[in-house]
Amino acid sequence: MWQMMQGCMREWRRAVGGLRWRPVLVVMAAGLLGGCSLDSLLKSDQLPPDVTDPAYTESLAGAMTAYRGVLLQFRRGYDGAVAMAGILGDEMAPSSPTFLGQLISDADRREIREGVSIDIYGKLQKARGDAAQAIGLLRDYAPESHRPLIAHVYALEGYAELHLAELFCSGIPLSTLDYKGDQTLRAGSSTADVYRHAIALFDTALVLAGDSTQFLNLARVGKARALLGLGERAQAAAVVAEVPDGFQYLVQFGDTANSTNFARVYSGVAWDYTVSDREGFNGLDYRTSGDPRTATTLRPGYTARPVYHPDKYSDNGASPIVLASGVEARLIEAEAALAAEDPSWLTALNALRTDGTYSTQPNAVDSTRTDTLWNAGTGAVAGLEPLEDPGTADARIDLLFRERAFWLFLTGQRQGDLRRLIRQYGRDSEQVYPTGPWLTGRYARDVTFPIPEDERLYNPLFTGCIDRGA
């Protein structure tokens, strides 16, 4: 009976175009007792009006539609990952403890119970499934000139897994929906194994990218980020050595309701979040540092907290978010140099901040004083003076991760970095995450999101988080 149902389901997936199929519980005893025709499964030989005709799906046009679908689904997942990383870490807080619901408040307080539903998990997993379908269609129906698009999809699939590894507990199932085949359920993979799987995806992207420097560099930075997750700093630096300083891969958004990023200010008066400042003792001074990379503007509103909106993102939510960049590549190289006790780590950080030249002008408040205005370095942000060596190993690590936090501010990187400080640098969670008094209680000690209960319901191989630690 089970084999018969599998056969019928394969026929059903082909009938409805495959791309829209997802695991569902289907009661179709009448269909199983009969044959596997469209008539027995759908009660009609005509495709419903909202179902894609396989003749269209299995074509170049269908392959391109699937490719664009991956871009759309990844955009949805990445947007949520940036927001959730900012909330669980020290970059953002909800603008009101009850404004966005219990999950967000719990995440900000670092107490997230098992079994909660968090849709970002489903969005990232769906991006993985959509990627597998798009890769198959592009391989079968796209001409050779379109092959770099396959590399692009592999790279985005790798990034979806990176975000899963950084946000969620150890034990993430990497189930697959095979192109023209069956779903393969997987048991939970450790955080390290998810990083390794992502590296394999990035390696495939590097092979297939051809002469597309944009996709090559996207895959290089992604692979290096996964290697950092495994503590392989020297290897990570080697991977990004060819990434140019000016490289950026932007995830594009628009100002329509279904396209805006997390930073949209609704109705011109309310933003869901606020940029934090020294949150829970350990948080960085994003607002009060005066650093142009994390500048904010106070917004009027009706929420419990003052709302500070990041200047780097537009109010209408149309601003792109940087997924990978040459700046990140240089930061990876600086971290590898610091780990190797190579003094070039500081030179690399300062090259991002300034080219070493400056101008002066009278102070706007005190005419007897002179302000020094440092010109931009390769990071393309003016006004950053050179850093000095703080002199001790721990202080150097603090400085490096502070620079990472400010350069990569609100791009979904901070959560992974805080976990690495615990996992690789021996810090306690109470030394790196917000701690102490919270609005209506105290911060707890969670450093990851649990995998939603839905995974346990539909995947019999999943038995829960392996480890909720870093």
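Residues numbered from 1 in each chain as written. Predicted model: local features only at pLDDT ≥ 70, side-chain atom pairs only at ≥ 80, totals over all residues. Heavy atoms only, no water.

Chemist: Where do I start with the overall build of the protein chain in this structure?
Modeler: Along the backbone of the protein chain there are 17 helices and 14 strands. Within the protein chain, the proportion of its 470 residues that are buried is 53%. Contacts in the protein chain between residues at least 24 apart in sequence constitute 69% of all its contacts with a sequence separation of at least 6. A total accessible area of about 20,400 Å² is found for the protein chain, and carbon and sulfur atoms account for 53% of it. (Helix = DSSP H or I, 4+ residues; strand = E, 2+ residues; numbered from the N terminus. Buried < 20%, exposed > 50% of the residue type's maximum accessible area, 1.4 Å probe, protein only. Contact = heavy atoms within 4.5 Å. Areas by Shrake-Rupley, 256 points an atom, 1.4 Å probe, with all protein chains shown as cover.)

Chemist: Any chance you could explain the packing of aromatic side chains here in plain terms?
Modeler: For any two aromatic rings, the description comes down to two numbers: the centre-to-centre distance and the angle of the planes. By the definition in use, this model includes eleven aromatic pairs. Seen from their ring centres, Y159 and F202 are 5.2 Å apart, and the 80° between their planes marks the pair as edge-to-face. Placement of the pair is Y159 in helix α8 (residues 147-167) and F202 in helix α9 (residues 191-208), with a sequence separation of 43 residues. In this pair, the class of Y159 matches that of F202, namely buried. Note on Y358 and W374: the rings are 4.9 Å apart at their centroids and 55° apart in plane angle, and the pair reads as tilted. One end of the pair, Y358, is in strand β11 (residues 354-362); the other, W374, is in strand β12 (residues 370-376), with 16 residues separating them in the sequence. (Phe/Tyr/Trp six-rings, centres within 6.5 Å; stacked < 30°, edge-to-face > 60°.)

Chemist: In this structure, what is going on with the state of the cysteines? I would like to understand it.
Modeler: Note on terminology: a disulfide is the covalent bond linking the sulfur atoms of two cysteines. A complete count under the given rule lists one disulfide for this structure. The disulfide bridge from C169 ends at C465, spanning 2.0 Å between sulfur atoms. Between C169 and C465, the S-S torsion sits near -75°, and that sign places the bridge as left-handed. Placement of C169 in the loop between α8 and β2 (172-173) and of C465 in the segment after α17 (453-458) is noted, with a sequence separation of 296 residues between them. Residue C169 is classed as buried on the basis of its relative accessible area of 0%. (Disulfide = S-S within 2.5 Å.)

Chemist: For this particular structure, what's the right way to read the packing of α9 against helix α10 (residues 213-229)?
Modeler: When two helices pack together, their arrangement is given by the angle between the helix axes and the distance between those axes. It is the contact of α9 with α10, at a shortest axis distance of 9 Å, that shows an interaxial angle of 160°. Looking at the two axes, α9 sits roughly antiparallel to α10. Along this stretch, α9 crosses α10, giving a crossing that reads as left-handed. For the pair formed by α9 and α10, the contact residues are Y195, I199, F202, D203, A205 and L206 on the first element and L216, A219, R220, G222, K223, A226, L227 and G229 on the second. Across the contact of α9 with α10, the residue classes break down as nine nonpolar, two polar and three charged. (Axes fitted to C-alpha atoms, helices over the stretch in contact; angles between N-to-C directions. Parallel < 35°, antiparallel > 145°, perpendicular 65-115°, else oblique. Left-handed = near helix turned anticlockwise from the far one by under 90°. Nonpolar A, V, L, I, M, F, W, Y, C, P; charged D, E, K, R; others polar.)

Chemist: Any chance you could explain helix α15 (residues 414-423) here in plain terms?
Modeler: Residue pairs spaced three or four apart in an α-helix point in one direction, given the helix's 3.6 residues per turn. The buried count for α15 comes to nine of ten residues, which makes it a mostly enclosed element. Residues R414, Q415, G416, D417, L418, R419, R420, L421 and I422 constitute the buried set of α15.

Chemist: Can you walk me through empty space enclosed by the protein in this structure?
Modeler: Vacant regions in the atomic arrangement are exposed by a probe of water-molecule size rolled over the atoms. Enumeration over the complete set of coordinates arrives at three cavities of 30 Å³ or more. Its boundaries defined by the atoms lining it, the second largest cavity holds a volume of some 70 Å³. If you go around the second largest cavity, the residues you meet are E166, Y195, R225, L228, G229, R404, Q413, G416, D417 and R420. At the level of elements, α10 and α15 are the ones that each hand at least two residues to the lining of the second largest cavity. Partitioned by chemical class, the residues of the lining of the second largest cavity number two nonpolar, three polar and five charged. (1 Å grid on protein atoms, 1.4 Å probe; cavity = no way out; pocket = protein on both sides within 12 Å on 5 of 7 lines; lining within 4 Å. Points joined across faces, edges and corners; volume = space filled by probe spheres on them.)

Chemist: Would you mind going over the environment of Q102 with me for this structure?
Modeler: Of note, Q102 is situated in helix α6 (residues 102-109). The spatial distance from the C-alpha of Q102 to the C-alpha of I112 is 9.5 Å, given a sequence separation of ten residues.

Chemist: Would you mind going over the confidence of the model for the protein chain with me for this structure?
Modeler: In low-pLDDT segments, the atomic positions of the prediction should not be examined closely. With 86% of its residues at a pLDDT of 70 or more, the protein chain shows a mean pLDDT of 87. Of the regions scoring below 50 in pLDDT, residues 1-45 engages in 54 contacts with residues more than four places distant in sequence or in other chains. (pLDDT = per-residue confidence, 0-100.)

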